[in-house]
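What follows is the residue order along each chain.
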Amino acid sequence: MEIQAITDKQEKQHIVRSVLEALPEWFGIEESREEYIRKSAGLPLFAAYDGERPVGFICLQQTGKDTAEICVMGVLEKYHRHGIGRALFARAKDLAVQHGYSFLQVKTVQMGKYSDYDDTNRFYISLGFKEFEVFPLLWDEQNPCQVYVMSLR
């Protein structure tokens, strides 16, 4: 498995589209998925490759003077639990530290709503993220937004 920093805007969007469209359990809302694809072109992105095939990615965005966020991340389901998400996160975290951010944050659906998202929550917790706040209506009533944070200092 190889992790690469991707700089070409079209390549970023191609990678994000190919991975997110293969993950309908997490990214089945077309409007949201298309927004992630659109935004990814202008943001730092790392991709994981199995040979020449992109199998995962992570994309960061600045959300405040001292904070970066995992804007969107996806790993093809066949490659879950193979360390790819951790390797992608390590590269993104290193970049955030290099840019002088004090915190990383990530948003996901609150634990206890859906088993797929419970796995996502456990993944972020295993990386060292801490629960920060739940916004019950940020997305919609069925998908309360859980915010996790991590100190980088």
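Caption draft 1: Representation of the pattern of salt bridges. Following the criterion strictly, the structure yields six salt bridges and no others. Between Asp 119 and Arg 122 there is a salt bridge whose closest N-O contact spans 2.8 Å. With Asp 119 and Arg 122 both in helix H5 (residues 115–127) and three residues apart, this pair spans about one turn of that helix. A relative accessible area of 33% means that Asp 119 is categorised as partly exposed. Judged by its relative accessible area of 46%, Arg 122 falls in the partly exposed class. Residues participating in the shared-partner salt-bridge network are Arg 17, Glu 21 and Glu 34.

Caption draft 2: Structural view of the nonpolar core. Membership of the largest hydrophobic core comes to 46 residues, with the highest contact counts inside it found for Ile 70, Leu 88, Leu 104 and Phe 129. Look past the residues within four positions of Phe 129 in its chain and what remains in contact with it is Ile 70, Phe 89, Leu 104, Gln 105, Val 106, Tyr 124, Tyr 148, Val 149 and Met 150.

Caption draft 3: Inspection of the packing of helix H1 (residues 9–21) against helix H3 (residues 30–40) at higher detail. Following both chains from N to C, one finds H1 and H3 inclined at 155°, their axes separated by 8 Å at the closest point. Judged by the angle between their axes, H1 and H3 are roughly antiparallel. Along this stretch, H1 crosses H3, giving a crossing that reads as right-handed. Facing H1, whose interface residues are Lys 12, Gln 13, Val 16, Arg 17, Leu 20 and Glu 21, H3 presents Arg 33, Glu 34, Tyr 36, Ile 37, Arg 38 and Ser 40. Looking at the contact of H1 with H3 residue by residue, the classes come out as four nonpolar, two polar and six charged.

Caption draft 4: Geometry of the pairing of strand E2 (residues 45–50). The buried count for E2 comes to five of six residues, which makes it a mostly enclosed element. Summarising the sheet, strand E1 (residues 2–6) and E2 pair through five bridges and their orientation is antiparallel. Directly across from Gln 4, in E2, lies its bridge partner Ala 47. For E2 and strand E3 (residues 53–64), the ladder comprises six bridges, and the chain directions are antiparallel. In the strand pairing of E3, Ala 48 is matched with Gly 56. Here E2 hands over to E3 after two residues, with Gly 51 in that stretch at a positive phi of 70°.

Conventions and cut-offs
- Residues numbered from 1 in each chain as written.
- Predicted model: local features only at pLDDT ≥ 70, side-chain atom pairs only at ≥ 80, totals over all residues.
- Heavy atoms only, no water.
- Salt bridge = Lys/Arg side-chain N within 4 Å of Asp/Glu carboxyl O.
- Helix = DSSP H or I, 4+ residues; strand = E, 2+ residues; numbered from the N terminus.
- Buried < 20%, exposed > 50% of the residue type's maximum accessible area, 1.4 Å probe, protein only.
- Core = buried A, V, L, I, M, F, W, Y, C linked by side-chain atoms within 4.5 Å.
- Contact = heavy atoms within 4.5 Å.
- Axes fitted to C-alpha atoms, helices over the stretch in contact; angles between N-to-C directions.
- Parallel < 35°, antiparallel > 145°, perpendicular 65-115°, else oblique.
- Left-handed = near helix turned anticlockwise from the far one by under 90°.
- Nonpolar A, V, L, I, M, F, W, Y, C, P; charged D, E, K, R; others polar.
- Pairing = 2+ DSSP bridges.

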